[in-house]
Amino acid sequence: GGVGTTLLMYCQGDRADLSFNGTEWVPQSLYLTPHASQMSAAGFSRSIYTAYSTIPFDTVDFDNASTADTSTERITIGRAGRYQVTARIYDSVSTSHVTIYLMKNGSILEEKSFIKHVSSLTTGGIEFSVSDYLDLAAGDYLEFFIKAGISTGSLARLTAVEQR
């Protein structure tokens, strides 16, 4: 191209505007689409109270950066940045005590325990969640573990949304 030629480049929703100054391409502007992904698991059950186990994620609800993987039950960060990360589980009725673990690179990042008073007056379900803003590097991975007995009407989600 000649001097003054403009080139637009697109990659996974990101855009870079470049112009040629006669010698080289020079970035003029950069528009980055925030990475966002969410996995969910519905209808699973757990009867384990003594050890924590991973959530069996089987659905990718959304993922604009190819970071969610149900085979590993992880979200792997594709670009360094600040992310809002939320792990939540909804149990239909039976759980009285739940401990949830948000894991980063195989280590417990956050651990939160909940106690639900269960009586003959308890109806419906309850949601347990943990959410935080995290500075993450490319390649970091997130997992969601739980220690509880969970009924078969449960729903779990792990969400990571880059903040821009």
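The shown structure was predicted, so the numbers you read here are calculated from the model rather than taken from an experiment.

## Here's the deal with the packing of aromatic side chains
What the rule picks out here adds up to one aromatic pair. Geometrically, the ring pair formed by Phe20 and Trp25 is tilted, given 5.2 Å between the ring centres and 55° between the ring planes. For the cation-ring pair, Arg74 lies above Tyr141, with the distance from its terminal atom to the ring centre recorded as 3.8 Å.

## Concerning the environment of Leu155
Within the element layout of this structure, Leu155 appears in strand β12 (residues 141-162). Residue classification places Leu155 among the partly exposed positions, given a relative accessible area of 26%. As a C-alpha pair, Leu155 and Ala42 span 113 residues in sequence and 4.4 Å in three-dimensional space.

## Description of unusual backbone geometry
For Ser66, which is not a glycine, the phi torsion comes out positive at approximately 55°. Tracing the backbone shows Ser66 in the loop between β5 (59-63) and β6 (68-69). Given a relative accessible area of 64%, Ser66 falls into the exposed group. Here Glu73, not a glycine, exhibits a phi torsion of approximately 60°, which is positive. Relative to the elements of secondary structure, Glu73 occurs in the loop between β6 and β7 (74-76). Overall, the relative accessible area of 17% leaves Glu73 in the buried class.

## Here we look at the side chain of Thr86
For Thr86, the position within the fold is in strand β8 (residues 81-91). A distance of 2.9 Å separates the side chain of Thr86 from the side chain of Ser131, its partner in a polar contact. Every residue in contact with Thr86, bar those within four places of it in the chain, is listed here: Val130, Ser131, Arg157, Leu158 and Thr159.

## As for the pattern of salt bridges
If the charged atoms of two oppositely charged side chains come close together, the side chains can form a pair. Applying the stated criterion across every chain yields a total of five salt bridges. Arg79 serves as the salt-bridge partner of Glu162, at 2.7 Å between the closest nitrogen and oxygen. Placement of the pair is Glu162 in strand β12 and Arg79 in the loop between β7 and β8, with a sequence separation of 83 residues.

## Here we look at the environment of Ala36
Structurally, Ala36 is set in strand β4 (residues 36-54). For Ala36, a relative accessible area of 17% corresponds to the buried category. Sequence separation of Ala36 and Val161 is 125 residues, and the distance between their C-alpha atoms is 4.3 Å. Among residues more than four places away in sequence, those in contact with Ala36 are Phe62, Asp63, Asn64, Ala160 and Val161.

## Overview of the nonpolar core
In a soluble, globular protein the nonpolar side chains are often hidden away together inside. Core analysis: the biggest nonpolar cluster contains 26 residues, and Ile55, Val85, Ile89, Ile100, Phe144 and Leu158 have the highest contact counts within it. Where this core is concerned, the elements lending two or more residues are β4, β8, β9 (97-104), β11 (126-136) and β12. Of all the elements, β12 adds the most residues to this core, at seven residues. Ignoring any residue separated from it by four or fewer positions in sequence, one finds Phe144 in contact with Ser53, Thr54, Ile55, Phe57, Ala87, Arg88, Ile89, Ile100, Tyr101, Ala156, Arg157 and Leu158.

## Re the confidence of the model for the protein
On average, residues of the protein carry a pLDDT of 78, and 72% of them reach 70 or more. The least confident element of the protein, judged by mean pLDDT, is strand β1 (residues 6-11) at 61; the most confident is β7 at 95.

## Quick word on the environment of Glu110
As for its position among the elements, Glu110 is in strand β10 (residues 107-115). It is 9.1 Å that separates the C-alpha atoms of Glu110 and Asp132, two residues lying 22 residues apart in sequence. In this structure, Glu110 is in contact with Ile100, Tyr101, Leu102, Val130 and Asp132, ignoring residues within four places of it in sequence.

Rules of the game
Residues numbered from 1 in each chain as written. Predicted model: local features only at pLDDT ≥ 70, side-chain atom pairs only at ≥ 80, totals over all residues. Heavy atoms only, no water. Phe/Tyr/Trp six-rings, centres within 6.5 Å; stacked < 30°, edge-to-face > 60°. Lys NZ or Arg CZ within 6 Å of the ring centre and 35° of its normal. Helix = DSSP H or I, 4+ residues; strand = E, 2+ residues; numbered from the N terminus. Buried < 20%, exposed > 50% of the residue type's maximum accessible area, 1.4 Å probe, protein only. Polar contact = N/O pair within 3.5 Å; in protein donor to acceptor, adjacent residues only side chain to side chain. Contact = heavy atoms within 4.5 Å. Salt bridge = Lys/Arg side-chain N within 4 Å of Asp/Glu carboxyl O. Core = buried A, V, L, I, M, F, W, Y, C linked by side-chain atoms within 4.5 Å. pLDDT = per-residue confidence, 0-100.

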